[in-house]
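Topology and contacts: notes
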Amino acid sequence: MLRKGSEVVRGDREVLLDLDYGGEAQTTESYGSLHNGGFIPPRYLSAAAADDDEDMAGGDDPIYIHCNTKSNQPLPQLGNYFRDGRTKIDFVLVWEVRSRRKRRGKGTSEAPSEEGGAVATEESSRSERRKAQLAQWREKFVQNLTSVGLLMEKEETANEKKTIHFLKLSAPWDVMVYYAEELCLRAPLQAQPHLDLNTSAQVLSRLCIPNVMTEAVPNRPLDYYTCAFRKSKMNRFLGCDEHETYFTNTQRHRVVYEILARTVYGRKKRAEVGVDRLINEGAYTAAFPLHEGPFQLPKFEIRPDELNQRQVLYHYWARWWRWYKYQPLDHIREYFGEKIALYFAWLGFYTAWLLPAAVVGTLVFVSGVMSMHTNAPAKEICTSGASYLMCPLCNTCKAWNMSEICTMAQLGYLFDHPGTVFFSVFMSFWAVTFLEYWKRKMATLAHHWDCMDFHEEEERPRPEFAAMAPTMEQNPVTGVKEPYFPEKTRLSRMFTGSMVIIMMLCVVMIFLVTVVMCRGIISVMMFHTGSPVLRTEAGTIANISSSIVNLGLILLMGRVYTALAEQLTKWEMHRTQTQYDNAFIFKVFIFQFVNFYSSPFYVAFFKGRFVGYPTNYGTLFGMRNEDCGPGGCLIELAEQLFIIMVGKQLINNIQEFIIPKVKAWRQKRTLAKVLGDKASREPRRWEEDYQLVECEGLFEEYLEMVLQFGFITIFVAAFPLAPLFALLNNWVEIRLDAHKFVCEYRRPVAERAQNIGVWFNILEALSHLSVIANAFLIAFTSDFLPRLLYQYKFDNDLNGYVNFTLAHAPLNYTEYPMCRYKAYRDNNGNYTLFYWELLAVRLGFIIAFEHVVFFVLRAIDWIVPDVPESLELKIKRERYLAKQALAENQEALLVSRGRGAATVTPGTSSPASDASFGNMS
C-alpha cells in the first residue's frame with residue numbers, strides 16, 4: 001500500500017524513528033502467510049473485516065484474507081516478482097521454525113526421572129520463552145516495516161520437522177522517492193558517451209595494434225551526468241516517467257536495506273533496532289537481495305542482449321577462458337555496487353601493472369643465467385681444489401674443501417648479480433608510480449560511478465555494540481539517544497588488547513627461534529650421514545624443510561590470531577562498523593606482517609651476522625649461531641620467499657575453490673531435507689539463493705593481495721621472479737573471486753565507496769618500507785658492494801677475490817690450524833681496515849639510495865596529478881548542469897534578494913540563496 005501526502009510521510013518517519021512505538025501485537029506466528037501470497041497490513045484490517053466478515057472470523061488470525069484467485073489470475077512470473085507478476089522483490093527475510101509436533105512426540109516416547117523431567121521442563125520453558133520473544137520481535141518489526149510503506153508477500157517451505165519462512169519485500173514508488181532524496185541517490189541529467197577507461201586499449205589503438213583483450217559486452221549501463229536526487233525537480237531528470245525502471249535494482253536494494261537497518265523491533269532503552277541485530281539474535285537466519293535469475297546460459301539459442309545481468313557477468317567475466325579479457329567494471333558496479341567493483345578494479349589494475357614488473361624480473365633472472373659462466377668468484381671456487389680448507393660448520397663436524405660448494409656458488413649468482421640491484425631500484429620506482437597512477441584511476445572511477453563527493457553518512461551503532469553497551473547517551477550529531485560505552489574503558493581495553501598482540505608476536509618469535517634451531521639440527525644430521533652429496537647440500541635441504549615447517553606454522557598462527565583479533569576487537573566495543581573494521585584490519589595486518597615476514601627478515605638481515613670466529617663462536621641455547629649457506633644468504637632468502645609466497649597462494653586458491661562449494665553443498669542438503677518430495681520441482685529464486693553461501697566481505701581478499709604486494713616489493717632484490725608468480729596467481733585469483741561472487745555467494749547489498757579505504761594507506765607504507773629494506777638488502781646481504789670496492793681498490797676482474805674474503809683461523813685454534821672462514825678479520829680475530837672501509841661504503845650507499853629514490857618519488861608525486869585534467873573539466877561540466885537543474889526560479893530568487901537587501905546586513909547571505917545552491921554536487 002502506498003502512502004501519499006506530507007502528513008503521511010511524516011507519520012512514517014515518526015514510526016520509523018520512534019523506538020517506543022507500540023503497534024498492535026499479533027498473536028500468530030505466520031503473520032504474513034496469505035493464500036495468494038499477499039500481506040494485509042494491520043492498519044487496513046478494519047476495512048477488510050467490514051468487506052468480508054466470514055473470512056475474518058478466525059479470531060487470532062485477523063490478518064488473513066482469502067482472495068478469489070480464479071477471477072483474478074496472476075500474470076506469468078518472469079524474474080524476481082511477487083505473484084502478481086508486477087511487484088518487484090527487493091529483499092527477502094528468512095527464518096526457520098522447528099515443528100512442535102516433533103518435540104511433543106519425543107516427550108511422550110520417553111519416561112524421564114523426576115529430576116531429569118524437571119530440568120527438561122525448565123529448559124523447554126526457557127526455549128519456549130525465547131521463541132516467543134523472537135516471534136514477538138518479528139511481529140513488531142514487520143508492523144513497523146508496513147507502517148513505513150513496504151509491500152510484503154510470504155512463502156513457506158515445510159516438512160514435519162521444520163518450516164522455512166520467506167518474507168519478500170518491495171518498496172513502492174513513493175517510498176523510493178522519499179528515501180532517494182534522503183539518501184542523496186544520484187539522478188541522471190544528461191547522457192554522455194562511454195569513456196574508454198583502459199589505458200592499454202588507448203595505447204594499442206594509437207599504435208594500430210589489434211587488441212585481443214577488448215570485447216563487446218551486451219547491455220552496458222548508460223553513462224550520465226548526474227546530481228543529487230530531489231523530488232521537487234523530478235521533471236528535470238531523465239526517465240522520471242518510467243516508475244518501474246527509473247531506480248536501478250541496486251538502488252532499490254540500498255533503500256530497502258536502509259529501512260531494514262533503521263526499523264525498530266523492540267524497546268528504545270535496549271536499542272533494539274535493525275535487521276542485523278535481529279539476525280544476530282536469531283530471529284532471522286538470513287536477509288538478502290535476490291540474484292537476477294540463474295547464472296547458467298539457457299540451453300536454447302538466445303541473443304546476447306536478452307541475457308540477464310548475472311548471465312552476462314558469468315559469460316563475459318567469471319568463466320576461466322576469459323582470463324585475458326578486460327573486466328566489465330560498469331556491469332560489476334551495476335550488479336554488486338561500487339565497493340565490490342572498486343576491489344575488482346584495483347585487482348585488475350594491480351595485475352596489469354605486474355606485467356612489466358614480471359617481464360623485467362624475468363629478464364634479470366635470465367641475464368643471470370646467461371652470465372653465470374662469467375662469474376669470476378664462482379670460477380675461483382670451482383677450480384680451487386684443496387687450496388681452501390674451511391673450518392668446521394659445527395662442533396662435531398669436520399673440515400671441508402671450498403671446491404665442494406661449486407654448484408651452489410654458481411646458483412647463488414642468479415640471485416646476487418648487478419642486475420638484481422637494478423631490479424630493486426626499478427621495483428622501488430614501480431611501487432610508488434603504481435600507487436600514484438592508481439590514485440588517478442580511482443578518482444576517474446569515483447567520478448564515473450558518481451562517488452566523487454560521497455561521504456558516509458553518520459553511521460548507526462553496530463548491532464553487537466547496541467546489544468552490549470551499558471548506558472544510553474545523546475548523540476551530539478543527530479540528537480538521538482544511542483547506546484554509549486565510556487571512552488576510558490575502551491582505551492583501557494585497547495591497551496590490554498595491545499598487550500595480547502605483543503604476547504602473540506612473542507609467540508611468533510619463539511616459533512622463529514624453533515625453526516632456526518630445527519634448521520641447525522637438520523644441517524648437523526646431514527653432515528653426520530657421511531654422504532658427500534648430503535653434506536654439500538645440507539644447508540639447502542635444511543632451509544627448504546624448515547621453510548615448509550615455517551609455512552605450516554604461519555598458516556596455523558594466522559588462523560588462530562584472526563579469531564583472537566576478532567574477539568579482541570569485539571571486546572573493545574567500537575561504536576560503528578567503520579571503526580570496528582579499521583581496528584580489526586590494523587590488528588590482523590600487524591600480526592600477519594610479523595607472522596609472514598619475520599623469517600625472511602631474519603635470513604635477509606640477521607642470519608650470519610653473529611657467527612663469530614674460531615675459538616669465539618656465538619651460541620644460542622648451546623648451539624652455534626648459524627651462518628649463511630655456501631651460495632650466500634640471498635639464495636636462502638629466495639628459497640624461503642618461493643616456498644612461503646607461492647605455497648600460501650596455492651593453499652589459498654585451493655581453499656577459495658573448495659570451501660564455498662562445501663558450504664553450498666551443506667546448505668542445499670539442509671533445504672533438500674525440508675523440501676522432501678517437493679525437491680523434484682524446480683526451486684524458486686529465493687530458495688535457490690538461500691542455498692548459496694553468505695558473502696563474507698572483502699577483508700580476506702584485500703589481505704591476501706596486500707601481503708603479496710609486500711613480498712614482491714620488500715624482498716624483490718633476492719627473488720626477481722616474485723612478480724611473475726604474483727601475476728600468474730592474480731590471473732587465477734580474479735576468476736576465482738568472480739566465480740564466487742556470481743555463482744556461489746548470495747547477492748550482497750550494494751555499498752557505495754570512493755576508494756579502497758585503509759588498504760591504500762597500508763600499500764603506501766609497504767612501498768616506502770620496500771625502499772629502506774632493499775637498500776639494506778643490497779648494502780649488507782648482497783656481495784655487490786664488497787665486489788665493487790674490491791674492483792676499485794685491487795683488481796677490476798675480481799681475480800683473487802675469494803681468497804681475499806677468507807680469513808685464517810686464530811693461531812690458538814688447534815683442531816684445524818690455519819683453516820679458513822668467511823670474514824674480514826686478521827689472524828687474531830680483529831676486523832681489518834677493509835671491513836671498516838666497506839662499512840662506510842655500505843652506510844653511504846643506504847643514505848644515497850634512499851635519498852635519490854625518495855626524491856624521485858616525490859617528483860613523480862608532484863608531476864603526476866591525482867585527478868586528470870580531462871576529469872576536472874568533466875567535474876566542472878557536471879556541477880554546472882547540476883546547478884542549472886536544481887536552481888530555484890531565478891526571477892523569484894532575484895526578487896526575494898531585492899526585497900531582502902534592506903534587512904540583510906553586509907557580510908551575511910540570504911536563506912533563499914543558501915537553500916537554492918547549498919546542495920550542489
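- The protein chain is annotated in an unreviewed UniProt entry as Anoctamin from Seriola lalandi dorsalis.
- We quote the UniProt Sequence similarities (unreviewed entry) comment for the protein chain here in full: "Belongs to the anoctamin family."

Observations concerning empty space enclosed by the protein
- According to the stated counting rule, one finds 5 cavities of 30 Å³ or more in the structure shown.
- For the lining of the largest cavity, the element with the highest residue contribution is helix α18 (residues 538–571), accounting for 4 residues.
- Along the lines of polarity and charge, the residues of the lining of the largest cavity split into 6 nonpolar, 4 polar and no charged.

Quick word on the pairing of strand β3 (residues 162–170)
- β3 sits mainly inside the fold: 9 of its 9 residues count as buried.
- Of the two faces of β3, both are covered, the one formed by Lys-162, Ile-164, Phe-166, Lys-168 and Ser-170 as well as the one formed by Thr-163, His-165, Leu-167 and Leu-169.
- With 8 bridges connecting them, strand β1 (residues 91–98) and β3 associate as antiparallel partners. Counterpart to Val-94 in the pairing with β3 is Phe-166.
- Here 8 bridges tie strand β2 (residues 151–158) to β3, and the two strands are oriented antiparallel to one another. Looking across to β3, one finds that Leu-151 is bridged to Ser-170.
- Adjacent in sequence and paired antiparallel, β2 and β3 are bridged by 3 residues.

Regarding the packing of aromatic side chains
- Applying the stated criterion to the full structure yields 66 aromatic pairs.
- Residues Trp-353 and Phe-434 carry aromatic rings whose centres are separated by 6.0 Å and whose planes lie at 55° to one another, so their mutual orientation is tilted. Residue Trp-353 is located in helix α11 (residues 338–370), and its partner Phe-434 is located in helix α14 (residues 418–448); the two are separated by 81 residues in the primary sequence.
- On the accessibility criterion, Phe-434 (0% relative accessible area) is buried.

Overview of a positive patch on the surface
- Where like charges cluster on the molecular surface, the positive patch consists of Arg-98, Lys-131, Lys-161, Arg-669 and Lys-673.
- Looking at the element boundaries, Arg-98 is found in strand β1.
- For Arg-98, a relative accessible area of 55% translates into the label exposed.

Structural notes on the pattern of salt bridges
- Taken as a whole, this structure holds 33 salt bridges when the rule is applied.
- Across the salt bridge formed by Glu-96 and Lys-162, the nearest N and O atoms sit 3.3 Å from each other. Of this pair, Glu-96 sits in strand β1 while Lys-162 sits in strand β3, and the two are 66 residues apart along the sequence.
- Of the residues examined, Glu-96 reaches a relative accessible area of 29% and is grouped as partly exposed.
- Measuring nitrogen to oxygen at the nearest pair gives 3.0 Å for the salt bridge that ties Glu-306 to Arg-303.
- Three or more residues joined by partner-sharing salt bridges are found here, namely Arg-83, Glu-153, Glu-155, Lys-168, Arg-684 and Glu-687.

Rules used throughout
- Numbering of residues starts from 1 in each chain and follows the order in which that chain's sequence is written.
- Residue-level local features of this predicted model are given only where pLDDT is at least 70; pairs of side-chain atoms are given and counted only at 80 or more, and the full residue set underlies all totals for whole chains, interfaces and linings.
- In computing side-chain values, all of the structure's heavy atoms are included and hydrogens and water are not.
- UniProt positions are given in the numbering used here, feature names are shortened, and annotations may be inferred rather than shown by experiment.
- For each structure, a 1 Å grid was placed over the protein atoms alone; sets of points admitting a 1.4 Å probe that cannot get out are labelled cavities, open sets with protein on both sides within 12 Å along at least five of seven lines are labelled pockets, and lining residues have an atom within 4 Å of a point.
- Grid points are joined across faces, edges and corners, and a volume is the space filled by probe spheres set on the points.
- Helix and strand labels come from DSSP, where a helix needs a run of H or I of at least four residues and a strand needs a run of E of at least two; each type is numbered from the N terminus.
- Three classes are used, and their members are as follows: Ala, Val, Leu, Ile, Met, Phe, Trp, Tyr, Cys and Pro are nonpolar, Asp, Glu, Lys and Arg are charged, and the others, Gly among them, are polar.
- Each residue is assigned to one of three classes by its accessible area relative to the maximum for its type, calculated with a 1.4 Å probe on protein chains only: buried under 20%, partly exposed between the two thresholds, exposed over 50%.
- Strands are treated as partners if at least two bridges between them are detected by DSSP.
- Only centres within 6.5 Å qualify two rings of Phe, Tyr or Trp (six-membered ring in Trp) as a pair; their planes then separate them into stacked at under 30 degrees, edge-to-face at over 60, and tilted for everything else.
- Within the patch definition used here, like charges are joined within 9 Å and nonpolar side chains (Val, Leu, Ile, Met, Phe, Trp, Tyr) within 5 Å, considering only residues with over 30% relative accessible area and no salt bridge.
- Computed with the Shrake-Rupley method and a 1.4 Å probe, the accessible areas treat only the protein chains shown as cover for residues.
- Only one rule defines a salt bridge in this text: a Lys or Arg side-chain nitrogen within 4 Å of an Asp or Glu carboxyl oxygen.
- In this tally, Asp and Glu contribute negative charge and Lys and Arg positive charge; neither His nor the terminal groups of the chain are included.
- Charged side chains are reduced to one point each, which is NZ for Lys, CZ for Arg, CG for Asp and CD for Glu.

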